[in-house]
Amino acid sequence: MEKIEGLKIGKKLNEGKTKEVYELLDSPGQVLIKSKDQITAGNAARKDQMVGKAAISTKTTVSVFKLLQDAGIKTAFEKQCGETAFVAANCHMIPIEWVCRRVATGSFLKRNPGVKEGFKFLPPKMEMFLKDDANNDPQWSEEQVIEARFNCGGLQIERCEVDIMNRSTLAVFEILEKAWATQDCTLVDMKVEFGVCAGTKEILLADVIDNDSWRLWPSGDRSLQKDKQVYRDLKEVTPEALQIVKRNFEWVADKVQNLLVTKTSVRVVVIMGSRSDLGHSQKIKQACANYGIPCELRISSAHKATDETLKIKAEYEGDGVHTVFVAVAGRSNGLGPVLSGNSTCPVINCPPISADWGAEDIWSSLRMPSGLGCSTVLFPEAAALFAAQIFGQFDHLVWAKLRANILSTWISLKQADKQLRNQ
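Small disclaimer: the values here were computed from a predicted structure and weren't measured. (Residues numbered from 1 in each chain as written. Predicted model: local features only at pLDDT ≥ 70, side-chain atom pairs only at ≥ 80, totals over all residues. Heavy atoms only, no water.)

Peer 1: Just checking my understanding: could you explain empty space enclosed by the protein for this structure?
Peer 2: The gaps left among the atoms become clear once a water-sized probe is rolled over them. Inspection of the entire model under this criterion finds one cavity of 30 Å³ or more. The space that makes up the largest cavity amounts to roughly 40 Å³. Every residue lining the largest cavity is listed: T18, K19, S35, K53, S57, V208 and D210. Taken together, the residues of the lining of the largest cavity break down into one nonpolar, three polar and three charged. (1 Å grid on protein atoms, 1.4 Å probe; cavity = no way out; pocket = protein on both sides within 12 Å on 5 of 7 lines; lining within 4 Å. Points joined across faces, edges and corners; volume = space filled by probe spheres on them. Nonpolar A, V, L, I, M, F, W, Y, C, P; charged D, E, K, R; others polar.)

Okay, structure coming up:
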């Protein structure tokens, strides 16, 4: 195969129904994944050439992986190469498709007679399917996956690994569900695959996530579906019908670009009582950066310059930017109560507690006059987290980082427990 953007392409390692995988001679730890202009259904019982599909699918996949990586989800994706290919970490694929469902439809209804289409799963329904075309990808239980004792790239797939993939699938689905909701689209269900990184031996979200991977219903209306189900439902494949399918794929590829940005503007404004609180306040700013939240630092004393404190507050009201104030004041905290009593913005107290008088000083942040609603946390990281949780209710990108952080913490605990038990 010829060079692509300076990459030296080696032999074909694998070929599926819609993509090819090539080795990279100059990067042994990476591979090139190239999409094909082919659309299939029913394990390729139906297949057609759809000119332009490779570029459309790659555009979708790359955008989805960028969204997930920016949130903090570990994926195999590295970079896009041309219109129809991307570089990824070389992974030993785990032969299981993980499916997450929010709404009952499709094959689930056939396998579960009596359940009506549209039944909503709370929490989302998780299913696993063995990748076995000859047997139409049979559904498997967690126990079957564990007992199969897959060894992928030197990693034995046991209970710990199955749980990690289960939790990761749910997090990926929820992040994308939240993102698609900003476009008034219901993510009905989706499938993902995982691989074991040849270099690090860690489990990564791998393969592709494109319009073959999910069901999307604009406005929650099945009749408006934009995914591959439209192709599956065709009674006859004609050039005109394929054009409709292609336009749907193009619509999704264009819309998915919108998932990478947010229409809302947010910020945290830290007001400290004196310059001696700067170190504490800078830690809050650094923690906010982890969630992609801009943070400004100001100095004002509510006791000694009340009018100036209220002027600073007013600078951040009325410009349409969602704001959370963080009050950093030691000894007697007047900042938090003054801000809370004179603003509709959320206020978080984060006092720099001293060893000598901390037990006494904290009460000025905890015991508020009636009518005030400022909360109190002790650690800078907690102040940033609380602000992120507030913004995450209407900013899907902040919410995605929060959700990925929850997953990362859970995986770390799970792996630490496994290591301890194996000692």
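Peer 1: Could you clarify how one ought to interpret the side chain of T105 in this entry?
Peer 2: Relative to the helices and strands, T105 is located in the loop between β9 (96-103) and α2 (107-111). When its relative accessible area of 1% is taken as the criterion, T105 is described as buried. At 2.4 Å, the side chain of T105 forms a polar contact with the side chain of E117. Ignoring anything within four residues of it in the chain, the contact list for T105 reads E117, V188, D189, R215, W217 and R222. (Helix = DSSP H or I, 4+ residues; strand = E, 2+ residues; numbered from the N terminus. Buried < 20%, exposed > 50% of the residue type's maximum accessible area, 1.4 Å probe, protein only. Polar contact = N/O pair within 3.5 Å; in protein donor to acceptor, adjacent residues only side chain to side chain. Contact = heavy atoms within 4.5 Å.)

Peer 1: Sorry, what's going on with the packing of helix α7 (residues 278-289) against helix α12 (residues 380-391) here?
Peer 2: The geometry of a pair of packed helices is captured by two quantities: the angle between their axes and the separation between those axes. Look at α7 against α12: their axes get within 8 Å of each other, and the N-to-C directions meet at 45°. When the axis of α7 is compared with that of α12, the two are oblique. Crossing of α7 against α12: the hand is right-handed. Between α7 and α12, the residues in contact are H280, K283, I284, A287 and C288 and P380, E381, A383 and A384, respectively. (Axes fitted to C-alpha atoms, helices over the stretch in contact; angles between N-to-C directions. Parallel < 35°, antiparallel > 145°, perpendicular 65-115°, else oblique. Left-handed = near helix turned anticlockwise from the far one by under 90°.)

Peer 1: Can you walk me through unusual backbone geometry in this structure?
Peer 2: Keep in mind that most residues, glycine aside, have a negative phi and that most peptide bonds are trans. Of the consecutive residues L122 and P123, the connecting peptide bond is found in the cis state with omega at 5°. Along the chain, P123 falls in strand β10 (residues 120-130). Although it is not a glycine, D137 sits at a positive phi angle of roughly 50°. Relative to the helices and strands, D137 resides in the loop between β10 and β11 (139-140). A positive phi angle, close to 65°, is found at K201, a residue other than glycine. Looking at the secondary structure, you find K201 in the loop between β14 (185-197) and β15 (203-206).

Peer 1: Looking at this model, I keep getting lost on the environment of A416. Mind explaining?
Peer 2: Locating A416 in the fold gives a position in helix α13 (residues 396-421). Given a relative accessible area of 40%, A416 falls into the partly exposed group. In the structure, A416 is positioned 56 residues away from E360 in sequence and 38 Å away in space, judged by C-alpha atoms.

Peer 1: Where do I start with the environment of R215 in this structure?
Peer 2: Among the structural elements, R215 can be located in strand β16 (residues 214-218). Measuring from C-alpha to C-alpha, the distance between R215 and D133 comes to 21 Å, with 82 residues separating the pair along the chain. Aside from chain neighbours lying at most four places away, what touches R215 is R101, T105, G106, S107, T186, L187, V188, D189, D227, Q229 and R232. At 2.7 Å, the side chain of R215 forms a polar contact with the side chain of D189. Within polar-contact distance, the side chain of R215 engages the side chain of Q229 at 3.2 Å.

Peer 1: Would you mind going over helix α1 (residues 53-71) with me for this structure?
Peer 2: For an α-helix, 3.6 residues make a turn, and residues three or four places apart therefore share a direction. Relative to the 27 Å expected for 19 residues at 1.5 Å per residue, α1 spans 27 Å between its end C-alpha atoms, a close match to the ideal helical length. Across the 19 residues of α1, 14 count as buried, placing the element largely inside the fold. Immediately beyond the C-terminal end of α1, within one or two residues, lies G72, with a positive phi of roughly 120°. (Expected span 1.5 Å × (residues − 1).)

Peer 1: When you look at the sheet that holds strand β3 (residues 30-35) in this model, what are you seeing that I'm missing?
Peer 2: Backbone hydrogen bonds are what pair the strands of a sheet, in a parallel or an antiparallel way. Pairing is antiparallel across the open sheet formed by five strands, whose spatial order is β1-β2-β3-β7-β6. Each edge of the sheet is formed by a strand with only one pairing partner; in this case those strands are β1 (9-15) and β6 (77-81). Recorded for the sheet is a direction-independent mean angle of 30° between the axes of neighbouring strands. As paired strands, β1 and strand β2 (residues 19-24) are joined by four bridges and run antiparallel to one another. Residue pairing for β2: K12 is matched across the bridge by Y22. Along the sheet face, α1 touches β3, β6 and β7 (85-89) and points at about 145° away from the line of β6. (Pairing = 2+ DSSP bridges.)

Peer 1: Honestly, the sheet that holds strand β21 (residues 375-376) in this entry has me stumped. Any pointers?
Peer 2: If you walk across this open sheet you meet the five strands as β18-β17-β19-β20-β21, and the pairing is parallel. The open sheet has two edge strands with one neighbour each: β18 (295-299) and β21. Here strand β20 (residues 347-349) runs beside β21; their pairing, made up of two bridges, is parallel. Bridge pairing in β21 places I348 opposite S375. Contacts from α7 reach β17 (266-272), β18 and β19 (322-328), with the element oriented near 165° to β18. Each of β17, β19, β20 and β21 touches α12; the most contacted strand, β19, lies at about 160° to it.

Peer 1: For this particular structure, what's the right way to read the packing of aromatic side chains?
Peer 2: To describe a pair of aromatic rings, you give the distance between the ring centres and the angle between the ring planes. For the structure shown, the criterion picks out ten aromatic pairs. Consider the rings of F108 and F121, whose centres lie 5.0 Å apart with planes at 80°: the pair is edge-to-face. Linking F108 in helix α2 with F121 in strand β10, this pair joins segments that are 13 residues apart in sequence. Just as F108 is buried, F121 falls in that class too. Grouping aromatic residues by their ring pairs yields a cluster made of F65, F77 and F86. Above the ring of Y231, the side-chain terminus of R46 is found at 5.5 Å from the ring centroid. It is K226 that lies over the ring of W251; its NZ or CZ is 5.1 Å from the centre. (Phe/Tyr/Trp six-rings, centres within 6.5 Å; stacked < 30°, edge-to-face > 60°. Lys NZ or Arg CZ within 6 Å of the ring centre and 35° of its normal.)

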